[in-house]
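# Observations on chain architecture
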Amino acid sequence: MARLMIRDFVVLKSWLDVAGQAELIEALRPVLKSAPPFHPVTPKGQTMSVRMTSAGRLGWLSDAQGYRYVPDHPKGMAWPAIPAPILRLWAEVTGLERQPDSCLINYYGEGARMGLHQDKDEADFSWPVVSVSLGDDGLFRMGGPTRGGKTESIWLSSGDVVVMGGPARLAYHGVDRIRFKSSRLLPRGGRLNLTLRVVE
Ligand code: FE
């Protein structure tokens, strides 16, 4: 494990070993089954290249009505609970007793990306955001609190964890591309990213 500090982002390289990564994939299997990932549409009508679903009391949603947190999957059922090993990881990384309300699950298939954005649909920015990378490598771009400022990029690999807290909490970030099939964690390739957030 190596702890890097890049533009206020804390990057915990290799936080999870292979067994820890496999444990999370196992725990996510029933979540993905009961809340199937879907391609969200931006308020402007663009279909996002990532597939998304959530676990927890609230899940993040984007559609014609905007960005927001909702208690149900678009198909109508409540989001499944956040699996215990994921809650444990949050507690270990943040040292917080407060559990996250939401675990956003993003799947990056071949060619998927995520434009630079801020995470700002939550009520209280004093809580950190924790992001967990599983599967293929992703090129993660980190900026500052304003769009168009200087950025720095790092390849995130399976098992890496990023903590966005303090000045990084509202920093712009995105994923430019993935290296499809660079990892063998997911048999069909691709990158899973978990984003843990306190919403309310
Ligand atoms: Fe984000």
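If you're wondering where the values come from, they're calculated on a predicted model, not measured in any experiment.

Moving on to helix α1 (residues 18–34). If you check α1, its first and last C-alpha atoms are 25 Å apart, about what 17 residues at 1.5 Å a residue would give, namely 24 Å. The sharpest bend along α1 measures roughly 30° and falls at L28, with the proline P30 sitting one to four residues further on.

Moving on, we come to the coordination of the iron ion. For the iron ion, every protein donor is listed as H117 (NE2), D119 (OD) and H173 (NE2), and the spread of their distances is 2.1 to 2.2 Å. The sequence pattern formed by the donor residues of the iron ion is H-x1-D-x53-H. Judged by its relative accessible area of 5%, D119 falls in the buried class.

By the element assignment, A2 lies in strand β1 (residues 2–6). Counting along the chain gives 124 residues from A2 to S126, while the straight-line C-alpha distance between them is 25 Å.

Let us look at the nonpolar core. Counting 28 residues, the largest nonpolar core has V130, V132, L134 and L194 as the members making the most contacts within it. Secondary-structure elements contributing two or more residues to this core are β2 (9–13), α1, α2 (84–94), β6 (102–108), β8 (129–135), β11 (161–164) and β13 (191–197). The dominant element in this core, judged by the number of residues it contributes, is α2, at five residues. With residues near it in sequence (within four places) discarded, L194 still touches L24, L28, I86, C103, L104, I105, V130, S131, V132 and L134. Formed by 25 residues, the second largest nonpolar core is a distinct cluster that contains F9, V50, M52 and V199.

What follows covers the packing of aromatic side chains. Within the structure shown, the criterion is met by two aromatic pairs. For the pair W60 and Y67, a centre-to-centre distance of 5.3 Å together with 35° between the ring planes defines the contact as tilted. By relative accessible area, W60 is classed as buried at 11%. Sitting over the face of the ring of W127, R98 holds its NZ or CZ atom 5.6 Å from the ring centroid. Its guanidinium or amino end placed over the ring of Y108, R191 lies 5.1 Å from that ring's centre, counting from NZ or CZ.

Parameters at a glance
- Residue positions are given per chain, counting from 1 as you read along its sequence in written order.
- It should be noted that, the model being predicted, local features are given only for residues of pLDDT at least 70 and side-chain atom pairs only at 80 or more, the latter also being counted only at that level, while totals for whole chains, interfaces and linings use all residues.
- Values reported for side chains reflect all heavy atoms of the structure, with hydrogen atoms and water molecules removed beforehand.
- To qualify as a helix, a DSSP run of H or I must reach at least 4 residues; to qualify as a strand, a run of E must reach at least 2; elements of each kind are numbered from the N terminus.
- How far a helix is expected to stretch is found by multiplying one less than its residue total by 1.5 Å.
- The term bend refers to the angle at a residue between two fitted axes, each drawn through seven residues, those ending there and those starting there.
- Note on donors: an N, O or S atom is included if it sits within 2.8 Å of the metal, or within 3.2 Å for Na, K and Ca, and water is never included, so sites can look incomplete.
- Note on exposure labels: buried denotes an accessible area under 20% of the residue type's maximum, exposed denotes more than 50%, and partly exposed covers the range between, all computed with a 1.4 Å probe on protein chains only.
- What is meant by a nonpolar core is a set of buried Ala, Val, Leu, Ile, Met, Phe, Trp, Tyr and Cys residues, joined one to another through side-chain atoms within 4.5 Å.
- When checking whether two residues touch, look at their non-hydrogen atoms; a contact exists if any pair is within 4.5 Å.
- Pairing of aromatic rings covers Phe, Tyr and the six-membered ring of Trp, with a centre-to-centre limit of 6.5 Å; geometry is then stacked below 30 degrees between planes, edge-to-face above 60, and tilted otherwise.
- For a ring to carry a charge above it, either NZ of a lysine or CZ of an arginine must fall within 6 Å of the ring centroid while also lying within 35 degrees of the normal to the ring plane.

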